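An overview of the molecular structure
Below are the chains, spelled out letter by letter.
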Amino acid sequence: MTGIERSMAQYVKDRPQLKFIFFGGKGGVGKTVLAGVTAMWYAAQGRRTMLASTNPVHSLSGLLTQNVFGAATPVQGVPNLWAYEIDTKETIERSKVDIQQKIQYFLKFAEISTKADAFVESATMNPAFEESAMFENMIELMFKNEYDVYVFDTAPTANARRLLGMSKVYSLWVNKMLKSREEARSLRELLSFTKKKQTDPLMDYLVGFRDRMAHARELLTDENQTSFFFVTLPEALPIAVIKRFINWFHDFGIPVGGVLVNMLIQKDQVNASSPEFVRNRVAMQDAYMTQIWNDFDGNVRAVIPLFDNEVRGTESLGMVAKHVFA
Ligand SMILES: Nc1ncnc2c1ncn2[C@@H]1O[C@H](COP(=O)(O)OP(=O)(O)OP(=O)(O)O)[C@@H](O)[C@H]1O
Ligand SMILES: [Mg+2]
């Protein structure tokens, strides 16, 4: 079917408990802009709204033309809206120290006399490490529960999927680990002269991690509270990217809110005397729009025109909002 069956405005009205909103899609398609627009819309409804970014490369300060790095910052001129670019580098440094301590503890526990450095190096050089740090930052903000609505600019999509997909298996694994560590510990206590109980930071960590992941999974798969929106352009690659994401998300039971199509050239601005370049692009977009209506049948929530200027500042966002929440 061609046309929007259920608009963005209708969708969010139908889900009054919606609390965690994410935007995914290929680079440069307008995720940050649409996260900003959505956060402003919620703030305008009188909801305390947090617009957050966990990416190492931030763009919220640029979007809002105001520095929001490192702390939850009230957005000037927009009541009920806070924005926050989380310092991922700092988190990574903190986790490195954390991991170092855990590995050292483990090596000591297992009576292995090797320096922890090599292990720490290999654990933290992993590219997934940065993504994990982003994920941890995100869920920490969610768990604190200080706002009514959270809009995240660019979800760590692959990591969310990986961690959530793993969390069931992980939980089984941790439970098994716990059991064997419990046995080892009681054996150790039995054999030691002092009968005092030892604390086990590694075990505490594993339990904490398992519980955090389980809770994250609970929130992120609750379709009353969570929605992932996918942004595309009427072009081949961005469409292919979100199709893949949507399939993954369906597999893991993460709720998909729908698709937003951005940067469609307005046909009423184009006629036979328009430059060939423009007419060709319109024809290309036309063909991909047919594909979009077909492939995302019933799930397109908004189609947003290509503006003759970049979107910057809250005023400019307000203009885009008219099309997103039409
Ligand atoms: N409908 C539109 N019309 C004109 N310009 C737009 C539109 N939507 C977004 N832009 C501009 O396109 C650029 C990319 O948008 P944005 O930064 O939101 O994309 P993104 O998906 O977040 O990119 P990244 O993957 O780099 O994070 C920005 O300069 C933005 O102002
Ligand atoms: Mg962005």
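Here is what the cut-offs are and how they apply
- Residues numbered from 1 in each chain as written.
- Chains lettered and ligands numbered in written order.
- Predicted model: local features only at pLDDT ≥ 70, side-chain atom pairs only at ≥ 80, totals over all residues.
- Pairing = 2+ DSSP bridges.
- Helix = DSSP H or I, 4+ residues; strand = E, 2+ residues; numbered from the N terminus.
- Contact = placed C-beta atoms within 7 Å.
- Axes fitted to C-alpha atoms, helices over the stretch in contact; angles between N-to-C directions.
- Buried ≥ 20, exposed ≤ 12 C-beta atoms within 10 Å, placed from the backbone.
- Expected span 1.5 Å × (residues − 1).
- Near = placed C-beta within 6 Å.
- Nonpolar A, V, L, I, M, F, W, Y, C, P; charged D, E, K, R; others polar.

This next bit is on the sheet that holds strand E8 (residues 300–305). As a general point, the strands of a sheet are linked pairwise by backbone hydrogen bonds and lie either parallel or antiparallel. Overall, mixed pairing links the 8 strands, which are arranged E3-E4-E2-E5-E1-E6-E7-E8 in an open sheet. This sheet does not close on itself; its edge strands, each paired only once, are strand E3 (73–74) and E8. In this sheet, E8 lies alongside strand E7 (residues 256–264) in parallel orientation, the contact comprising 4 bridges. Bridged to Leu260 within E8 is Ala302. The sheet contacts of helix H11 (residues 313–324) involve E7 and E8, and relative to E8 the element is tilted by about 135 degrees.

Residue position: Ser7 is located in the segment before helix H1 (8–14). Among the residues examined, Ser7 registers 16 C-beta atoms within 10 Å and is labelled partly exposed. Expressed as a C-alpha distance, the spacing of Ser7 and Val324, which sit 317 residues apart in the sequence, is 8.4 Å. Setting aside chain neighbours within four positions, we find Ser7 in contact with Arg301, Ala302 and Ala326.

Moving on, we come to helix H4 (residues 88–109). Over its 22 residues, H4 runs 31 Å from end to end, which matches the ideal 32 Å to within 8%, given 1.5 Å per residue. Once H4 finishes, Glu111 follows within two positions and takes phi at roughly 55 degrees, a positive value.

Here the focus is the site of ligand 1. In the vicinity of ligand 1 lie 16 residues, with Gly27, Lys31, Thr32, Val33 and Glu310 positioned nearest. Of all elements in the fold, only helix H2 (31–44) and E7 reach the threshold of two or more residues within the shell around ligand 1. Top contributing element to the shell around ligand 1 by residue count: H2, with 3 residues. Here the shell around ligand 1 is built from residues that sort into 7 nonpolar, 7 polar and 2 charged.

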